[in-house]
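Geometric and topological summary
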Amino acid sequence: MTAKLILSMDGVVIKEYPLTKERTTIGRKPHNDIAIDNLAVSSEHAAVITILNDSFFEDLGSTNGSVVNGAPTQKHFLQNNDVIEIGKYKLKYLNDQPTQAPSADFEKTMVLRAPVKAAPSASKPEESFNQTQSNPGVAAKHESTTQFNATAAKVDIKPEAPVAAPAAASQHIAVIQILNGPNLGRELELSKNLTTLGKPGVQVAVLARRPHGFFITHVEGGSFPLVNGASVGEQPHQLKDHDIIELAGVKMEFYFKT
């Protein structure tokens with residue numbers, strides 16, 4: 001069964017929404033995938049990112065916030081029967097497929113500080129990497145996150161799974177390399193299936209590895225990420241070797257190590 005959200009109010013089901021897209025938006029404006037015409041709902045209130053069998057809920061800095069299973073929530077790895085509350089509306093998440101991410105804190109982070117003025121405190125290690133472990137024996141997905149703090153902007157990067165461009169590319173290691181700031185030249189190998197980049201409330205994107213390549217998808221923010229100077233738009237954008245990504249003030253190069 002395809003994962004889905006069931007929208008209801010006061011116990012009355014309004015509509016079912018199969019999660020067939022990588023990014024499903026929820027908000028008051030009609031352009032959202034799940035449009036809820038109510039003043040308690042922000043124009044672009046929240047988004048659900050679905051990769052394979054797993055879905056992640058993220059509040060997009062809404063005015064009135066979001067509640068998941070009775071608790072105010074910014075980010076949440078969704079599990080079968082979870083209930084999202086937005087104003088008087090409820091969205092029940094149904095998914096009978098096995099998932100692989102941990103239910104709690106699915107985003108341990110690696111923190112990198114980019115173009116920020118050096119201060120005494122900057123003597124701390126620039127890089128600390130924590131990787132969430134999924135169920136043992138399962139290929140890790142959407143666990144590792146990298147944060148770049150660029151001139152007051154952070155960029156989370158969650159690694160993905162192997163992408164195949166030409167046949168040979170599947171044997172190469174995909175990498176993101178920082179091109180500006182004090183961390184110039186630092187690299188992150190994309191060894192996971194899912195990588196999240198961005199600063200919540202500013203700009204967030206998801207980098208997903210699929211059998212036929214790596215794709216970047218806009219998740220949050222008033223402007224879309226740029227690839228080679230052009231906006232990626234709302235749809236997943238396939239990355240090519242040596243593409244230049246610009247996100248939340250950080251410039252990065254995507255390429256395959258030979």
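Here the structure is shown first, and the text comes after it.
Residues numbered from 1 in each chain as written. Predicted model: local features only at pLDDT ≥ 70, side-chain atom pairs only at ≥ 80, totals over all residues. Heavy atoms only, no water.

**Thoughts on the overall build of the chain**
Cut-off, in case you're wondering: The way it works is that DSSP assigns letters per residue, a run of H or I at least four long becomes a helix, a run of E at least two long becomes a strand, and they are numbered from the N terminus. Exposure categories follow from relative accessible area, calculated using a 1.4 Å probe and restricted to protein chains: below 20% of the type maximum is buried, above 50% is exposed, and the middle band is partly exposed. In this description, contact between two residues means that some pair of their heavy atoms is separated by no more than 4.5 Å. Where accessible areas are quoted, they stem from the Shrake-Rupley method and a 1.4 Å probe; at the residue level, only the protein chains shown are allowed to cover.
Along the chain, the regular secondary structure elements total 0 helices and 24 strands. Buried residues in the chain amount to 48% of all 258 residues. Contacts in the chain between residues at least 24 apart in sequence constitute 50% of all its contacts with a sequence separation of at least 6. Summing over all exposed atoms, the chain offers an accessible surface of approximately 12000 Å²; the carbon and sulfur share of this is 52%.

**Quick look at the environment of T73**
Where we set the bar: Residues adjacent in sequence count toward polar contacts only when both atoms are side-chain atoms; beyond that, a polar contact is any pair of N or O atoms within 3.5 Å, and within protein one must be able to donate a hydrogen and the other to accept it.
The topology assignment puts T73 in the loop between β8 (71-72) and β9 (75-77). Note on T73: relative accessible area 14%, which makes it buried. Along the primary structure T73 and I84 are separated by 11 residues, whereas in three dimensions their C-alpha atoms are 9.1 Å apart. Residues within four places of T73 in sequence aside, it is in contact with F57, D59, S66, V67 and V68. Among the polar contacts made by the side chain of T73, one reaches the main-chain carbonyl oxygen of A71 at a distance of 2.8 Å.

**Some words on the pairing of strand β5 (residues 46-51)**
Counted only if it meets this: For two strands to be treated as a pair, DSSP must find at least two bridges joining them.
Counting buried residues in β5 gives 6 out of 6 residues, a clear majority hidden from the surface. Here β5 shows two buried faces, one formed by A46, V48 and T50 and the other by A47, I49 and I51. Two strands pair when backbone bridges link them, and strand β3 (residues 23-27) and β5 are joined in this way by 4 bridges, in the antiparallel orientation. Among the inter-strand pairings, T25 is bridged to a residue of β5, identified as A47. As paired strands, β5 and strand β6 (residues 54-59) are joined by 6 bridges and run antiparallel to one another.

**With respect to the side chain of R23**
Cut-off, in case you're wondering: Lys and Arg are tallied as positive, Asp and Glu as negative. Neither His nor the chain termini are counted. By definition here, a salt bridge exists when the distance from a side-chain nitrogen of Lys or Arg to a carboxyl oxygen of Asp or Glu is within 4 Å.
By secondary structure assignment, the location of R23 is in strand β3. At 5.4 Å, E44 is the nearest oppositely charged side chain to R23, a buried residue that forms no salt bridge. Separated by 2.6 Å, the side chain of R23 and the backbone oxygen of H218 make a polar contact. When near neighbours in sequence (up to four residues on either side) are disregarded, R23 contacts D33, V48, I49, L60, T217, H218, V219 and E220.

**Remarks on the sheet that holds β8**
As summarised here, the arrangement of the 6 strands in space is β2-β1-β11-β10-β7-β8, forming an open sheet in which the pairing is antiparallel. In this open sheet, the two edge strands, each paired with only one partner strand, are β2 (12-18) and β8. Bridge analysis of strand β1 (residues 4-9) against β2 gives 6 bridges, and the strand direction is antiparallel. Along β2, the bridge assignment pairs L7 with K15.

**Examining the side chain of N32**
Relative to the elements of secondary structure, N32 occurs in the loop between β3 and β4 (34-35). Take N32: its relative accessible area is 6%, and that puts it in the buried class. Apart from residues no more than four positions distant in its own chain, N32 is found in contact with T25, I26, G27, S43 and E44.

**Focus: the nonpolar core**
Put simply, the rule is: Put simply, a nonpolar core is a bunch of buried Ala, Val, Leu, Ile, Met, Phe, Trp, Tyr and Cys residues held in one set by side-chain atoms that sit within 4.5 Å of each other.
Judged by nonpolar contacts, the single largest core of 20 residues is most densely connected at L190, L207, F214, I216, L239, I245 and F254. Those elements giving two or more residues to this core turn out to be β15 (173-178), β18 (203-210), β19 (213-220), β23 (243-247) and β24 (250-257). Of the residues forming this core, the biggest block, 4 residues, is contributed by β24. Grouped together as the second largest cluster of nonpolar side chains are 19 residues, I26, I34, I86 and Y89 included.

**Some words on the pattern of salt bridges**
Any two side chains of opposite charge can pair if their charged atoms end up close together. What the rule picks out here adds up to 6 salt bridges. A salt bridge links K21 to D33; the shortest N-O distance between them is 2.7 Å. Of this pair, K21 sits in the loop between β2 and β3 while D33 sits in the loop between β3 and β4, and the two are 12 residues apart along the sequence. Classification of K21 as partly exposed rests on a relative accessible area of 36%. Note on D33: relative accessible area 31%, which makes it partly exposed. Here E187 and K257 are joined by a salt bridge, their closest N and O atoms 3.2 Å apart. With E187 in strand β16 (residues 187-189) and K257 in strand β24, this residue pair connects regions lying 70 residues apart in the sequence.

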